[in-house]
Structures are given as C-alpha cells and as structure tokens.
Amino acid sequence: GRYTIHNVASFGTGGTHPALRHLRGSRLALIRTMALPAPLVEMISAYLPLPDLWEDRVAALVNRCHVDPDSTVSCTLDLMDEVLVAGGFAEAFYTAGVDPPASFESWMHWKSWGRTSDLVLDAMEKATEAGIEALPPNAQNSPNVSSSDAGQHLSLDHRAQHGALGVDRFLSSFDSQAGMAAAVSSAMLLSRPLTSSLELQRSASLLTILAHGRSGSSSNQRPLSQVLSDPPYSMPEPLLRKLQANADVQSLVRRIGLSGGVHFEVGVAVELVMLTSQVVLWHRTYRGEY
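Here the structure is a predicted model, which is why all the values come from computation and not from measurement. (Residues numbered from 1 in each chain as written. Predicted model: local features only at pLDDT ≥ 70, side-chain atom pairs only at ≥ 80, totals over all residues. Heavy atoms only, no water.)

Q: Hey, could you go over the environment of Asp118 for me, with residue numbers and the actual values?
A: Looking at where Asp118 falls in the secondary structure, it is placed in helix H7 (residues 107-129). Counting along the chain gives 79 residues from Asp118 to Ser197, while the straight-line C-alpha distance between them is 6.7 Å. Apart from residues no more than four positions distant in its own chain, Asp118 is found in contact with Ser196 and Ser197. (Helix = DSSP H or I, 4+ residues; strand = E, 2+ residues; numbered from the N terminus. Contact = heavy atoms within 4.5 Å.)

Encoded structure:
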C-alpha cells in the first residue's frame, strides 16, 4: 500500500520500515529527519554545511564535454582545485615548506582568508537581497543599532577564519537587520580586500605548484610529492603524476584564459574530467567516506 513520509519514518519504536531497509545510515537519517516539525528541521539545517555535490558536478561536466569543451576544462579545473584544497593541499604545501602566495604569511592564512571572504561576501549578498545597506563605520553609535549588534562585527574575521560558524548559522547569529548591516559594513574594516576562495585558488594555480614548486631549504622538510604520498594524504603515485602532467593545461587557462583564444579538443576535456573524478575518489577514500 501507500504510506506517507510520517508513516514510514515513525515505523515501530526501534525497527525500520521495509521500504527503508535498503538505505544507508545517512539517507535513513534524512528520511527520519523529514518527519520532524518544520521549525525544528530549519534549526537543524542552519547548523549543517552545504553539500559539496562533487560527484553530481563531475557527472554534469561529463555531459558537457562534447557540447563546450573549452568551458568544461575551465570549470573542471575549478572543481579540481576545490577538492584538492578540501583534501588538505594547503596544509601539505605548508608542511613541505612551499612559499605561500604573495602578501600571505602562510598557506593557512591563505586558506582562512578565502573562508573569511566567502562568509562576508555571502553576508553582503544576502543583505542586498534583504534590502539592507551597509552601515558606515560610525553607525555603531546610531541609536537604531544596539551595542550588542554593533559589537558583533568586530569578531567577524576571527570567527570566519576558524570556521566556527556555517554561513546560515553565521547570519542567524545577528538578531536584527541592524546587526546584519553592522556585519556587512565590517568588510570595510578587514585587513585586506575580500578575495573569494575561488579567486585565490585560480591565482595560486595548485597544479603548477605541485609540478614545479620548490620546498623550503630546511633539511627537516620533506619534498612535496613525498608529503602527499605519505599519511594522512596517502595520494597514489599514479594520480600524483597525472596531476603534475596537467599543470601546463591549468597554467595556460589561468594565464591566458578562454577569451585569449585558447581552445581544447573534446578528448582533453574528457581526460581532465576523468582525472577530477579520480581526485574526488581519492578525497572520499582518504577522508573515510567510502
């Protein structure tokens, strides 16, 4: 017969409905969560990070290869960089003593600044959608802004850098529109111009560093390839070599761009998408998700 989501999710006191027995733990938890009261679900979702959807994005790029190989190559490189950074490449660069990008003290600073920028840019976008204008620096003295609202923006950079709050939870931590506006205006007080993680990753050209970057001069520092091959990264040697072999493609796209007359054959796009699929698999395996 037919069952509603509530019938299925609340089946028995400790058992599982037959329709759900083939599901893995995470999907089963999702079904049960959907049976909770809507306000409670909203509170729970505000604490959850957005899914990366890497496998779905790879599948979409596979379908796009024959339609537009040039943009497929560019988008695939962005996705590859995202997975590599999530997999700990910045930490590996730091361990191997690779010099950080200009104006950054370390690779940790580079990575944390991308997160900070992403949070603030997202807050500014949401504030714009809500019709909130950023407050000038002296707005904290306005009678319309409470002292708690005005003070919350002072710790924005610290909180974002340490990943203490997801974007939704970060925004919900401001209990009034004035508080959100104070947070948005705090972008003017940050230590450097906002630069998204995507922009930072593009400018860094991670595969080029992997292929040609030199480690520090300290005798205690291991070569970058060895750092990535050893735990906790445990990147297979064949995958490491394939990434290094595609450094020139990434360098070409990053330096000249598609608008500069660079074009790629379908085979190049397909090969790069398949390589990105292997990178995703490495990350899932290394993180113990499979």
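Here the narrative resumes.
Q: With reference to specific residues and values, describe a nonpolar patch on the surface.
A: A cluster of nonpolar side chains, Leu36, Leu40, Met43, Ile44 and Leu48, forms an exposed patch at the surface whose accessible area comes to about 430 Å². The topology assignment puts Ile44 in helix H3 (residues 38-45). Its relative accessible area of 33% is what places Ile44 among the partly exposed residues. (Patch = residues over 30% accessible without salt bridge, like charges linked within 9 Å, V, L, I, M, F, W, Y side chains within 5 Å. Areas by Shrake-Rupley, 256 points an atom, 1.4 Å probe, with all protein chains shown as cover. Salt bridge = Lys/Arg side-chain N within 4 Å of Asp/Glu carboxyl O. Buried < 20%, exposed > 50% of the residue type's maximum accessible area, 1.4 Å probe, protein only.)

Q: Report on unusual backbone geometry, specifying residues and quantitative values.
A: The amide bond that connects Pro231 to the next residue, Pro232, takes the cis arrangement and shows omega of 10°. Even without being a glycine, Ser103 presents a positive backbone phi close to 80°. Among the structural elements, Ser103 can be located in the loop between helix H6 (89-96) and H7. Residue classification places Ser103 among the exposed positions, given a relative accessible area of 54%.

Q: How would you sum up the packing of aromatic side chains? Please name residues and give values.
A: Throughout the structure, instances matching the rule amount to six aromatic pairs. Aromatic side chains Tyr233 and Tyr286 sit 6.3 Å apart centroid to centroid with 35° between the ring planes, which places their arrangement in the tilted category. In this pair, Tyr233 sits in the loop between helix H14 (224-229) and helix H15 (237-245) while Tyr286 sits in helix H17 (residues 266-286), placing the two residues 53 residues apart along the sequence. The class of Tyr233 is buried, set by a relative accessible area of 8%. (Phe/Tyr/Trp six-rings, centres within 6.5 Å; stacked < 30°, edge-to-face > 60°.)

Q: I'd like a rundown of H6, residues and numbers included.
A: For H6, the set of buried residues is Phe89, Ala90, Ala92, Phe93 and Ala96. The arc that holds every buried residue of H6, seen down its axis, measures 160°, which confines them to one face. Each element contacted by the buried residues of H6 is listed here: helix H5 (69-86), H7, helix H13 (206-212), H14 and H17. Positive phi shows up at Gly97, right after H6, with a value of about 75°. (Arc of directions from axis to C-beta.)

Q: Quick rundown of the pattern of salt bridges? Include the residues and the values.
A: Applying the stated criterion across every chain yields a total of nine salt bridges. With a closest N to O distance of 3.1 Å, Asp81 and Arg254 form a salt bridge. Separated by 173 residues along the polypeptide, Asp81 in helix H5 and Arg254 in helix H16 (residues 247-255) bring together distant segments of the chain. With respect to class, Asp81 is no different from Arg254; both count as buried. A salt bridge links Lys111 to Glu91; the nearest nitrogen and oxygen atoms lie 2.9 Å apart. Here Lys111, found in helix H7, pairs with Glu91, found in helix H6; they are 20 residues apart in sequence, far enough to count as distant.

Q: Residue-level account of the nonpolar core, with values.
A: Counting 47 residues, the largest nonpolar core has Leu84, Trp110 and Leu243 as its most contacted members. With residues up to four places along the chain from it excluded, the contact list for Leu243 reads Met80, Leu84, Leu207, Leu210, Met235, Leu275 and Val279. (Core = buried A, V, L, I, M, F, W, Y, C linked by side-chain atoms within 4.5 Å.)

Q: Mind laying out the environment of Arg64, listing which residues take part and the relevant values?
A: The topology assignment puts Arg64 in helix H4 (residues 54-64). Excluding residues that lie within four positions of it along the chain, Arg64 makes contacts with Pro69, Ser71, Thr72 and Cys75.

Q: Tell me about the side chain of Ser117, and please be specific about residues and values.
A: Looking at where Ser117 falls in the secondary structure, it is placed in helix H7. In this structure the side chain of Ser117 is engaged in a polar contact, spanning 3.0 Å, whose partner is the backbone nitrogen of Thr195. Residue contacts for Ser117: discarding those within four places in its chain leaves Leu194, Thr195 and Ser196. (Polar contact = N/O pair within 3.5 Å; in protein donor to acceptor, adjacent residues only side chain to side chain.)

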